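One letter stands for each residue in the lines below.
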Amino acid sequence: MSMRFMPVPESLSPKVSPFWHRIFPVNIDLAMKSIFGVWAAYLVVNALRTILWGVPDHSHTLTDYLVTTILSVAVTWLLYRLLARVGDRSALAVFILTIPTIFLAIGTVYLTNLILAYPISVLEHISAEHLIPLEDALSHFFDTAFINYLILVGWGGLYLSMANSRNSQVALTHSRNLERATRESEMRALRYQLNPHFVFNALNSVSSLIIDKKNGPAENLVDGLADYMRSVLDDDGENMIPVEQELTQQIRYLEIEQVRFPNRLSFDVQIDDDVRGWKIPALIVQPLVENAIKHGVTQSCVPVRISISATKDADRLKLVVSNNGRMRATSSKIKGTGTGLANIRERLAALYGPAAALFTGNDSDDLVVATIIIPDEQQIFRDYCL
């Protein structure tokens, strides 16, 4: 039954005048609707009962109920302010709904009868109003006060449960937004970690060509690198891009590396038509292609063919990068090995949780194969832990 003071999202907080915000400083819509709703129902039910089955003097009895309703609304508002002051201290809220509310209920009934009885006494008014002996008037007074007490306690329990539900909803919304922002920040940071890594490798290629006095290929490589970087940076830092765009960027990268290894590097790219528009994290394939170049082409004396494919397997996207060769068991100890793969796994975990995965290994055809499994983009930021 906690009522923590926390900001309410725009969709949950109605726009009302500052005056009403001063009257109802916490959970304004819940307080107003519940207070006026409960006592409006009380007035309507008793008015109908009086008109259909009551005494002939309807107007006098209806006046009694109207005065009772007005005073009860005021007392309920006072109870609301008390509950608002205790905040999330549930034990104190329960105490207020037991002991103090009893006196509020008695005070409401007494004040109502005092107004209606003037100028006679309260007990004489009750005796005359309900056609009961004077000695039974006090018992009737406390019976009415008890009914009023039950209504106040019922309203208090209803209000606290709705306020607690509202606060839980606000906290859940805030938690989800925070988780979303955290995942986006992690993914953006991991993506930007790739750009310097790639530029470093590309500049090494340019340096090697210059050292070998291959100025023409070096110039072509610089031009290709400029075109590649332009295509990467022109996406305005978007985190998710279509599969076709991602693999087109990898083709540009491979064309750059072909300048360095004209006789040892060849490649092919296959994209199924039904996955061309599938959104994936930008540059998610880049580390796999870099690894194929670094640990396949540069360390081999025979021609190496790199294959990239994008297919749909059931309801998931399968991205495969393979090259001929064998993955060495000790390769993880080589300087620089594993950073790109760890980067991919961290990005996938930040976006999809356990719904995505990266697998690497050798197949029976003497190929090193790296496979990325990605779910539908609707899985992004889904509460997979709930």
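Quick note: structure is the one above.
Since the structure is predicted, the reported quantities are computational estimates derived from the model, not experimental observations. (Residues numbered from 1 in each chain as written. Predicted model: local features only at pLDDT ≥ 70, side-chain atom pairs only at ≥ 80, totals over all residues. Heavy atoms only, no water.)

Engineer: Got a minute to help me understand the sheet that holds strand β4 (residues 304-313) in this structure?
Structural biologist: The pairing of strands in a sheet comes from backbone hydrogen bonds and takes either a parallel or an antiparallel form. Strand order in this open sheet of five strands is β2-β4-β5-β7-β6, and the pairing throughout is mixed. Here the strands that pair on one side only, and so sit at the sheet edges, are β2 (265-271) and β6 (357-362). Put simply, the sheet's adjacent strands are angled 10° from each other on average, direction ignored. Of the strand pairs in this sheet, β2 and β4 are connected by seven bridges, and their pairing is parallel. Paired with Gln 270 across the strands is Ser 309, a residue of β4. Helix α9 (residues 243-260) rests against β2, β4 and β5 (316-324) of the sheet, and its axis sits at about 170° to β2. (Pairing = 2+ DSSP bridges. Helix = DSSP H or I, 4+ residues; strand = E, 2+ residues; numbered from the N terminus. Axes fitted to C-alpha atoms, helices over the stretch in contact; angles between N-to-C directions. Contact = heavy atoms within 4.5 Å.)

Engineer: Sorry, what's going on with the pattern of salt bridges here?
Structural biologist: Opposite charge on two side chains permits them to pair, given that their charged atoms come into close proximity. Applying the stated criterion to the full structure yields four salt bridges. Across the salt bridge formed by Asp 268 and Arg 305, the nearest N and O atoms sit 3.0 Å from each other. On the criterion of sequence distance, the pair formed by Asp 268 in strand β2 and Arg 305 in strand β4 is long-range, its members being 37 residues apart. Exposure remark for Arg 305: the relative accessible area of 41% places this residue in the partly exposed category. Put simply, Arg 276 and Asp 273 hold a salt bridge, and the shortest N to O gap is 3.1 Å. (Salt bridge = Lys/Arg side-chain N within 4 Å of Asp/Glu carboxyl O. Buried < 20%, exposed > 50% of the residue type's maximum accessible area, 1.4 Å probe, protein only.)

Engineer: Is there a simple way to explain the packing of helix α5 (residues 99-117) against helix α6 (residues 122-130) in this structure?
Structural biologist: A pair of packed helices can be characterised by two numbers: the angle between their axes and the separation between those axes. Contact pair α5 / α6: the axes reach a minimum separation of 9 Å and the direction vectors enclose 80°. Between α5 and α6, the interaxial angle falls into the category roughly perpendicular. In this structure, α5 contributes Tyr 110, Asn 113, Leu 114, Leu 116 and Ala 117 to the contact, and α6 contributes Val 122, His 125 and Ile 126. In terms of residue class, the contact of α5 with α6 is built from six nonpolar, two polar and no charged. (Parallel < 35°, antiparallel > 145°, perpendicular 65-115°, else oblique. Nonpolar A, V, L, I, M, F, W, Y, C, P; charged D, E, K, R; others polar.)

Engineer: Help me out: how do you make sense of the environment of Val 86 in this one?
Structural biologist: Following the sequence through the fold, Val 86 ends up in helix α3 (residues 58-86). Residues Val 86 and Ile 96, ten residues apart in the sequence, show an inter-C-alpha distance of 9.3 Å.

Engineer: Looking at this structure, I do not really get the side chain of His 125. What am I missing?
Structural biologist: Relative to the helices and strands, His 125 is located in helix α6. Judged by relative accessible area, His 125 falls into the buried class, the value being 7%. Apart from the residues lying within four places of it in its own chain, the contact partners of His 125 are Asn 113, Leu 116, Ala 117 and Ile 120.

Engineer: How do you make sense of the packing of α9 against helix α10 (residues 286-297) when you look at a structure like this?
Structural biologist: For the pair α9 and α10, the least separation of the axes is 10 Å and the interaxial angle reads 25°. If you check the angle between α9 and α10, you find them roughly parallel. Where α9 crosses over α10, the two elements pack in a sense that is right-handed. Two secondary-structure elements touch here, α9 through Glu 246, Gln 250, Tyr 253, Leu 254 and Glu 257 and α10 through Gln 286, Val 289, Glu 290 and Ile 293. (Left-handed = near helix turned anticlockwise from the far one by under 90°.)

Engineer: Can you walk me through the packing of aromatic side chains in this structure?
Structural biologist: Any two aromatic rings considered together are summarised by their centre-to-centre distance and by the angle between their planes. Inspection of the entire model under this criterion finds seven aromatic pairs. Here Phe 24 and Tyr 80 contribute two aromatic rings whose centre-to-centre distance is 5.5 Å and whose plane-to-plane angle is 45°, an arrangement assigned as tilted. Highlighted residues: Phe 24 in the loop between α1 (18-23) and α2 (28-53) and Tyr 80 in helix α3, separated in sequence by 56 residues. Across the pair, exposure class does not vary: Phe 24 and Tyr 80 are buried alike. For the pair Trp 39 and Tyr 42, a centre-to-centre distance of 5.3 Å together with 75° between the ring planes defines the contact as edge-to-face. Of this pair, Trp 39 and Tyr 42 both sit in helix α2, three residues apart, roughly one helical turn. The same class applies to Trp 39 and to Tyr 42, which are both buried. Linked through ring pairs, Phe 24, Tyr 80, Trp 155 and Tyr 159 together constitute an aromatic cluster. (Phe/Tyr/Trp six-rings, centres within 6.5 Å; stacked < 30°, edge-to-face > 60°.)

Honestly, that's just the spatial picture; any functional story needs more than this.
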